[in-house]
Amino acid sequence: MKRGFAGFAMLVSCALLARADLDLNGSWEFRFEEGRSYRESANPAFEATDAIPVPGCFDMLPKWLCKRGSGLYRRTFHLDAAVENAWLVVDGMGLTGRFEIDGKDLGVHPYPYAKLEIPTGPLAAGEHTVFAVIDNRFDWDYQKLARPYYDFYCYGGFYHGVSLELDNRKLFVRTRDFATGSVEVEAVNFKARDFEATLVFDGKNAVKATFRNGRASVRVPDFRLWSPDSPNLHTVTLKQSNNLNNPNNRTILSARFGIRTIEAKNKRLYLNGKPIYLKGANRHEAHPTLGAATSESLMALDIQNLKALGGNFFRGCHYQQAQRFLDLCDEQGVLVWEESLGWGNGLRTRGDASGTKVNEFEDAGFVEAQVRETREMVRASFNHPSVVFFAFMNEFHSHRPECRPLVERLVKAIRDEDSGRLVTWANNRRNADDVCSDLVDVISINTYPGWIDTTFTGSRAELAENVRRGPTGIDTIVARHRAKGRTQPIIVSEMGTCGIYGQHDPAGAQWTEEFQAEYVGDVLDAVFANPEICGIAIWHFADARSYHRAGENIRVKPLAQNLAGLYDGYRRPKAVVKVVEEKFRNQRQADGAAK
């Protein structure tokens, strides 16, 4: 099996400079119908009770706090001229959405957190009305991807905005040789597949390009590589063509991209041909009052805090990431793991909210939804240089033989897009007994010795030993994978423990900031001392809402939150932050000395 992928493409935004997309954010008419599904709340002529901002999570507002049901949205927009087609673009919503424009049904979209591009068909000049029902209920009958047992809160609303796109053509840029700046530009959603064009890089360097079957190979003049230390970005503009109805050499579209490669070989990770060590944390798109509709300022704050720790890596858990967050990671030089929605899937005894028992791996609807959302995730984030991993189904039951056909399809869906990312998933099989590790490029380990995996913490020395060499310790699990002949690079995708902000005990009682600082310090010492490991994402970056009054293991979720954050939900630092900063800094110095 091929372990390394050298090609890579990135596109921060694919704004068509010759068009004017419509921003549909702002105030919408709204009505909430508690307990009702989108099927029961389908009247676009509903009587509005409120005005609500978009983006925003309706179930984080006081009037509907943590309630489940359907939110009905409506607003109008104006087109100066008729269009043959348009696309309603939604950057994340939850959990199930049904959409109409002028009474025309645009379908039901059961893909939480995903970027949706929904074709509208022809639209005339003048006034139009868009209607949406956003259903945040758990219902196995139509919502296969968001499950009531997931250990994070699934919010209702529009997470990061709505717009109307008037042209869905895109440019994808794949790095083919980072040493020479050779790239392949793909014209996506163009009617013509073979044409001549001028590509202008960085607004000044024009290059003639011949597109065949929608692709052209060129060298970027005066290119600079993208990396965490030097996050250089380029632009490319498609200016003219002999058969694209562009007689006046007008700009057709423009994209921003970065030149970089990521490879997995020799048990290490290589960025642009050089070894790189990942140091970072898992991050939920969450805030105590905003829910999943986080602001750009909060995103920037998280990135700055990560870099102040000496980190270079976020694992985006456990769903697709907001496009604006990935833009900021591109600009600030943060590596990202992005995964499609899933958590602990495949346990036969788990059921839906009514108690019906289901096996997701044997359900055709679940399987097809997983494949589609994973493929669309790759396409939505195809060109962000920050994204180096595509993954899926956090901690699914990978020891069950019936999971393998689905995993084969998910891996194929990612690789068929030729995006150049590495493929992995977060594996919590402590005995390394999964049946899918041969399919991926990187082994990623989730383990919690001395915390979730046992009720025994013991003395400081006993805890440190358990973290490193206990039955579910990091050295033990790494050795089990190597004993099975698995030669891929290994990273730790989750290790950590909870600490309640402001709770202190000099003796280090569990749930205090002191215990968390001790535990995470032990984790980092163990990880950095193991030469088989090339990265870690601490669990996790900031406290986030989880089970609310119901859910598996709710007794270990005080205040309905996962409290393992280095920062609390409001981004106030806990004592563990100074420990992480010191350990990350010392590891960087040791890594530099080793080179």
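Source: prediction; values computed, not measured.

A. Broad picture of the sheet that holds strand 7 (residues 87–91). Strand order in this open sheet of 4 strands is 2-14-7-11, and the pairing throughout is antiparallel. Every interior strand has two partners, whereas the edge strands, strand 2 (22–23) and strand 11 (115–119), have only one.

B. Local environment of the side chain of E373. Take E373: it is sitting in helix 3 (residues 364–380). Comment: no salt bridge for buried E373; closest opposite-charge side chain is R372, at 9.7 Å. Ignoring anything within four residues of it in the chain, the contact list for E373 reads Y111, L145, Q320, S340 and L341.

C. Local environment of the pairing of strand 27 (residues 335–339). The buried fraction of strand 27 amounts to 5 of the 5 residues, a majority that puts the element mostly inside the structure. The alternating pattern of strand 27 places L335, W337 and E339 and V336 and E338 on opposite faces, both of which are buried. One ladder, built from 4 bridges, connects strand 26 (residues 313–316) with strand 27; its direction is parallel. Residue pairing in the sheet places F314 in a bridge with V336 of strand 27. One crossover worth recording links strand 26 to the parallel strand 27 by way of helix 2 (residues 323–332), and it is right-handed. Where strand 27 and strand 28 (residues 387–391) come together, 4 bridges link them in parallel fashion. Across the sheet, the residue bridging to E338 is F390, located in strand 28.

D. Up close: the packing of aromatic side chains. In this structure the tally under the stated criterion is 36 aromatic pairs. Seen from their ring centres, W28 and Y73 are 6.1 Å apart, and the 85° between their planes marks the pair as edge-to-face. You can see W28 sitting in strand 3 (residues 26–34) and its partner Y73 sitting in strand 6 (residues 69–79), a full 45 residues away along the chain. Arranged with centres 3.8 Å apart and planes meeting at 10°, the rings of Y113 and Y319 form a pair that is stacked. Pair noted here: Y113 is in the loop between strand 10 (104–109) and strand 11 and Y319 is in the loop between strand 26 and helix 2, with a separation of 206 residues, a long-range link. Grouped by ring-pair contacts, the aromatic residues W28, F30, F32, F58, W64, Y73, F99 and F158 constitute a single cluster. Lying over the aromatic face of W140, K144 brings its terminal NZ or CZ to 4.0 Å of the ring centre. Positioned above the aromatic ring of Y153, the side-chain terminus of R545 is 5.8 Å from the ring centre.

Here is what the cut-offs are and how they apply
Residues numbered from 1 in each chain as written. Predicted model: local features only at pLDDT ≥ 70, side-chain atom pairs only at ≥ 80, totals over all residues. Heavy atoms only, no water. Pairing = 2+ DSSP bridges. Helix = DSSP H or I, 4+ residues; strand = E, 2+ residues; numbered from the N terminus. Buried < 20%, exposed > 50% of the residue type's maximum accessible area, 1.4 Å probe, protein only. Lys, Arg positive; Asp, Glu negative; His and termini not counted. Salt bridge = Lys/Arg side-chain N within 4 Å of Asp/Glu carboxyl O. Contact = heavy atoms within 4.5 Å. Right-handed = clockwise from strand over helix to strand, strands pointing away. Phe/Tyr/Trp six-rings, centres within 6.5 Å; stacked < 30°, edge-to-face > 60°. Lys NZ or Arg CZ within 6 Å of the ring centre and 35° of its normal.

On their own, these measurements won't tell you what the molecule is for.
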